[in-house]
Amino acid sequence: MNPQAKLIFTTSLILGTTITISSNHWIMAWTGLEINTLAILPLISKSHHPRAIEAATKYFLVQAAASTLVLFSSMTNAWFTGQWDITQLTHPVSCLILTAAISMKLGLAPFHFWFPEVLQGSPLMTGLLLSTIMKFPPITLLYMTSPSLNPTLLAIMAILSVAMGGWMGLNQTQTRKIMAFSSISHLGWMTIIIIYNPKLTLLNFYLYTIMTAAVFITLNSIKVLNLSTLMTTWTKTPPLNAILLLTLLSLAGLPPLTGFLPKWLIIQELTKQEMAPTAVIISLLSLLSLFFYLRLAYCATITLPPHTTNHMKQWHTNKPVNTSVAVLTTLSLVLLPISPMITAMV
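Everything quoted here is computed from the prediction, not taken from an experiment.

Draft legend 1. Structural detail: the pattern of salt bridges. Applying the stated criterion across every chain, the model contains three salt bridges. Salt-bridge contacts for lysine 58 lead to glutamate 117; the nearest nitrogen and oxygen are separated by 3.9 Å. Residue lysine 58 is found in helix α3 (residues 50-81), and its partner glutamate 117 is found in helix α5 (residues 114-121); the two are separated by 59 residues along the sequence. By relative accessible area, which is 30% here, lysine 58 ends up partly exposed. The class of glutamate 117 is partly exposed, set by a relative accessible area of 33%. Its salt-bridge partner being glutamate 117, residue lysine 177 comes within 3.3 Å of it at the nearest N-O pair. Of this pair, lysine 177 sits in helix α9 (residues 175-193) while glutamate 117 is found in helix α5, placing the two residues 60 residues apart along the sequence. Taken together, the shared-partner salt bridges connect Glu54, Lys58, Glu117 and Lys177 into one network.

Draft legend 2. How the structure looks around a nonpolar patch on the surface. Residues Ile27, Met75 and Trp84 make up a contiguous nonpolar surface patch of about 260 Å² in total accessible area. By the secondary structure assignment, methionine 75 is in helix α3.

Draft legend 3. Helix α13 (residues 260-272), seen in detail. Taking 1.5 Å of rise per residue, the 13 residues of α13 would be expected to cover 18 Å, and the 18 Å separating its terminal C-alpha atoms lies within 8% of that figure. Leu261, Pro262, Lys263, Leu265, Ile266, Glu269 and Leu270 are the residues of α13 that are buried. At its buried positions, α13 is contacted by α9, α10 (198-221), α12 (238-252), α14 (276-302) and α16 (339-345). Glutamate 274 lies just past α13 and shows a positive phi near 60°.

Draft legend 4. Here's a closer look at the UniProt feature "domain: NADH:quinone oxidoreductase/Mrp antiporter transmembrane" (unreviewed entry) in the protein chain. UniProt's feature table lists "domain: NADH:quinone oxidoreductase/Mrp antiporter transmembrane" (unreviewed entry) at residues 23-288, given in the numbering used throughout. This span, residues 23-288, is 75% helix and 0% strand, and a straight line between its end C-alpha atoms measures 38 Å.

Draft legend 5. Structural context of the domain arrangement of the protein chain. Here the domain parsing of the protein chain yields domain 1 (1-147) and domain 2 (150-345). Computed over C-alpha atoms, the centres of domain 1 and domain 2 are 23 Å apart. With 30 residues of domain 1 in contact, the opposing surface of domain 2 contributes 36 residues. For the domain 1 and domain 2 pair, buried surface summed over both sides reaches about 2,900 Å², with 79% attributable to carbon and sulfur atoms. Put simply, domain 1 and domain 2 have one salt bridge between them. Connecting domain 1 to domain 2 are seven residue pairs in polar contact (both at pLDDT 80 or more). Broken down by secondary-structure element, the contributors of at least two residues to the side of domain 1 that touches domain 2 are α4 (92-106), α5, α6 (124-131) and α7 (136-145).

Draft legend 6. Examining the nonpolar core more closely. Among the nonpolar cores identified, the biggest contains 71 residues, and Ile40, Ile44, Tyr59, Leu130, Leu230 and Leu244 are the most heavily contacted of them. Both domains that furnish three or more residues to this core are identified here as domain 1 (1-147) and domain 2 (150-345). By size, the runner-up hydrophobic cluster in this structure holds 26 residues, among which are Trp26, Ala29, Leu33 and Tyr208.

Draft legend 7. Up close: the packing of α4 against α7. At a minimum axis separation of 9 Å, α4 and α7 run at an interaxial angle of 155°. Judged on the interaxial angle alone, α7 and α4 are roughly antiparallel. Here α4 and α7 pass one another in a crossing that is left-handed. Contact residues: Leu98, Ile102, Lys105 and Leu106 in α4; Pro138, Ile139, Leu141, Leu142 and Thr145 in α7.

About the cut-offs
Residues numbered from 1 in each chain as written. Predicted model: local features only at pLDDT ≥ 70, side-chain atom pairs only at ≥ 80, totals over all residues. Heavy atoms only, no water. Salt bridge = Lys/Arg side-chain N within 4 Å of Asp/Glu carboxyl O. Helix = DSSP H or I, 4+ residues; strand = E, 2+ residues; numbered from the N terminus. Buried < 20%, exposed > 50% of the residue type's maximum accessible area, 1.4 Å probe, protein only. Patch = residues over 30% accessible without salt bridge, like charges linked within 9 Å, V, L, I, M, F, W, Y side chains within 5 Å. Areas by Shrake-Rupley, 256 points an atom, 1.4 Å probe, with all protein chains shown as cover. Expected span 1.5 Å × (residues − 1). Contact = heavy atoms within 4.5 Å. UniProt positions renumbered as here; feature names shortened; annotations may be inferred. Domains from an automatic or database assignment. Buried area = accessible area lost by both parts, 1.4 Å probe. Polar contact = N/O pair within 3.5 Å; in protein donor to acceptor, adjacent residues only side chain to side chain. Core = buried A, V, L, I, M, F, W, Y, C linked by side-chain atoms within 4.5 Å. Axes fitted to C-alpha atoms, helices over the stretch in contact; angles between N-to-C directions. Parallel < 35°, antiparallel > 145°, perpendicular 65-115°, else oblique. Left-handed = near helix turned anticlockwise from the far one by under 90°.

In structure tokens form, the structure reads like this:
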């Protein structure tokens with residue numbers, strides 16, 4: 001892609017995100033979401049492969065439908081209450097429509113079916129943008145409207161997301177689809193706590209972004225798109241593969257790694273809110289996700305291909321590892337000991 005075009009699209013992404021997260025008026029928030037959608041479409045379809053074009057089309061249709069629902073929800077609320085302020089969403093029908101719209105934007109179950117397909121058709125770095133930056137504006141809208149939303153509905157959708165994200169990721173062989181189901185599962189954890197402690201949702205999102213970015217950039221640097229390729233990459237950069245194992249375990253939420261921190265705090269908060277059964281259910285369902293993270297980690301470092309003759313070994317490279325990989329991986333592994341400081345800052 002032309003560097004000037006890439007610059008324009010990247011700037012538009014930053015602009016759209018900034019407009020949405022800093023606006024108080026529904027129309028401005030909607031404008032930011034639309035700019036974001038239009039800026040990411042060329043980045044999805046830049047390879048001109050039929051699958052990429054299909055992914056861009058699916059993404060456009062889903063996001064257009066979700067934006068329409070956001071607009072409809074805000075107009076209904078303005079009609080009944082005379083308020084266009086995002087924090088003043090009080091009409092029950094508007095709240096219900098907005099919950100559906102934000103769920104479609106985020107890829108939260110039961111509106112999650114588009115996300116794995118779109119991620120599978122996108123390049124790895126565009127997939128990283130879709131999994132992290134593109135989720136930030138809808139999360140902020142959810143954060144601002146959380147006091148008005150229905151807690152039971154959000155809890156059901158969150159549990160469903162963790163279940164579907166874990167269950168549907170079990171049988172996947174494509175790394176991008178596995179990361180998509182991982183994202184759906186993590187969104188469930190963010191959604192379940194947003195009404196009781198919205199700042200915890202943002203902390204979870206920030207840590208999820210760091211860990212996902214570390215995994216995506218690592219996969220991009222070793223050029224891995226499926227599990228069979230991942231099995232042969234240990235010859236290329238052994239240290240990076242060993243670190244990938246730890247980053248995946250952090251994403252799974254195992255102590256003493258960074259990924260354990262948000263899960264620990266969310267379970268603690270749910271218990272304080274007398275929702276211990278919900279905490280138990282969501283913790284058990286996250287074991288499904290743990291299985292496919294372990295599968296990825298096993299393929300990355302522990303196993304050798306069963307038929308070595310069928311696999312072309314990759315040349316060992318002495319190329320230095322990207323600095324961003326080093327920084328993000330370090331953050332993905334060592335933040336748990338400073339959790340008191342992190343919680344104090346949040």
